[in-house]
Amino acid sequence: MENRRKFIKKAGLLSALFAFNPWKAEDYLPKEIKVSRKPIVISTWDFGKLANQEAWKVLSQGGTALDAVEKGVQYTEADPTERSVGYGGRPDRDGKVTLDACIMDENANIGSVACLEHIMHPISVARAVMEKTPHVLLVGEGALEFALSQGFTKTNLLTPESEKEWKEWLKKSEYKPVVNIENHDTIGMVALDANGNLSGACTTSGMAYKMHGRVGDSPIIGAGLFVDNEVGAATATGHGEEVLRTCGTHLVVELMRQGKSPQKACEEAVKRIYHSILKRGKNPKDIQIGFIALDKNGETGAFCLQPGFSYAVQHEKGSTLLASKSLL
Ligand code: SD4
């Protein structure tokens, strides 16, 4: 009886508070509370599977989502056979490999580098920007100077294969990225650790044969990557210009905040981009966009504009490579 009275009193106080306060707590939380599935890691494209395995080594031992995503994407950055990330990435039209990367943790700490040359692990430079500077984004020469001051060493990132392909491209010098090939391979990874914290990382050499100095969505928080520890996280791949135009991953996370599942949120964001492409009189068939998302409860989602995008998920039950559903 005493407990019941206390409960009624508490409930009365709470509803009085909400009656006078337009900012209701429940407006800011995802509506569906699902069974917890953590730790878990999800990343873009086929190579996400190997990257997830690296991340899993951290997550399965109780490590943080932040350490896991950094370790995970480092694997892809160092792999010369992946031609749009780090070492071995396709160069810009001048033959320079320029890298974009960003990282975000559960406390909204962020760090990014853009148009960074000669460094094998741009994601770790992004983390150093986050942890060791008062800034959030360093670009070009300044980013390189900072990396060298932090003990990173210079490496030639242009492999003979990428150089050969670039020289072939020079013969026509036409900037027409081939969907799912020349714009394919950015690794975006988001993870939820055993403590229920989310973090994400995104790293790329960007669109092949871009103009020197071009920066895509991948190092831009809210475009290539966004994390909100109360809601979820998302990362993007594909034509960065389209993702930037819509603040793509921020949009996905905001849609989750409004109650959409990670899957529905990714679908809605791709539809918005599709309409924006049509409005500008462009052909959506020439463009690829893929989003992956993870919510606070370990639920995942993925969606892309046209077939061909894959993503990898790993949790305690094992690791899976999945074909994303597409709008077209
Ligand atoms: C960019 N979004 O630089 C990157 C490219 C990419 O899969 O994601 N490729 O626009």
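Structure shown above.
In this text the structure is predicted, and so the values were computed from the model without any measurement. (Residues numbered from 1 in each chain as written. Predicted model: local features only at pLDDT ≥ 70, side-chain atom pairs only at ≥ 80, totals over all residues. Heavy atoms only, no water.)

### As for helix α8 (residues 248–257)
Logical step 1: Buried residues dominate α8, accounting for eight of its ten residues.
Logical step 2: Of the residues making up α8, those classed as buried are Gly-248, Thr-249, Leu-251, Val-252, Val-253, Leu-255, Met-256 and Arg-257.
Logical step 3: Residues of α8 that are buried in the fold lie against β7 (225–228), β8 (232–238), α7 (240–245), α9 (262–279) and β9 (289–295).
Logical step 4: Two residues or fewer after α8 comes Gly-259, characterised by a positive phi angle close to 110°. (Buried < 20%, exposed > 50% of the residue type's maximum accessible area, 1.4 Å probe, protein only. Helix = DSSP H or I, 4+ residues; strand = E, 2+ residues; numbered from the N terminus. Contact = heavy atoms within 4.5 Å.)

### Considering the sheet that holds strand β11 (residues 310–315)
Logical step 1: Reading across from one edge, β4-β3-β2-β6-β5-β1-β11-β12 is the order of the eight strands in this open sheet, with mixed pairing throughout. Unpaired on one side and paired on the other, β4 (137–139) and β12 (318–323) mark the two borders of the sheet. In this sheet, neighbouring strand axes are inclined to one another by 10° on average, regardless of whether the strands run parallel or antiparallel.
Logical step 2: Together, β2 (99–104), β3 (110–116), β4 and β6 (198–204) form the strand contacts of helix α4 (residues 122–132), whose direction differs from that of β3 by roughly 135°. (Pairing = 2+ DSSP bridges. Axes fitted to C-alpha atoms, helices over the stretch in contact; angles between N-to-C directions.)

### Comments concerning a nonpolar patch on the surface
Logical step 1: Taken together, Val-136, Leu-137 and Val-139 make up a surface patch of nonpolar side chains, about 230 Å² in accessible area.
Logical step 2: When you line up the elements, Leu-137 lands in strand β4.
Logical step 3: Here Leu-137 falls in the partly exposed class, since its relative accessible area comes to 37%. (Patch = residues over 30% accessible without salt bridge, like charges linked within 9 Å, V, L, I, M, F, W, Y side chains within 5 Å. Areas by Shrake-Rupley, 256 points an atom, 1.4 Å probe, with all protein chains shown as cover. Salt bridge = Lys/Arg side-chain N within 4 Å of Asp/Glu carboxyl O.)

### Some thoughts on the pairing of β12
Logical step 1: In terms of strand pairing, β11 meets β12 through six bridges, oriented antiparallel. Opposite Ser-310, over in β12, you have Ala-323 as the bridge partner.
Logical step 2: What sits between β11 and β12 in their antiparallel hairpin is a turn of two residues.

### A word on the environment of Thr-159
Logical step 1: Among the secondary structure elements, Thr-159 is positioned in the loop between α5 (140–149) and α6 (160–170).
Logical step 2: Its relative accessible area of 4% is what places Thr-159 among the buried residues.
Logical step 3: Between the C-alpha atom of Thr-159 and that of Gly-89, which follows or precedes it by 70 residues, the distance is 8.0 Å.
Logical step 4: Apart from the residues lying within four places of it in its own chain, the contact partners of Thr-159 are Pro-80, Tyr-87 and Gly-88.

### Looking at the sheet that holds β8
Logical step 1: Across the sheet, four strands lie side by side as β7-β8-β9-β10; this open sheet has antiparallel pairing. Lying at the two open borders of the sheet, with one neighbouring strand each, are β7 and β10 (300–304). The mean inter-strand angle of the sheet, taken between neighbouring strand axes irrespective of direction, is 10°.
Logical step 2: The pairing of β7 with β8 spans four bridges and is antiparallel. By the bridge assignment for β8, Val-227 is matched with Ala-233.
Logical step 3: The sheet contacts of α8 involve β7, β8 and β9, and relative to β8 the element is tilted by about 145°.

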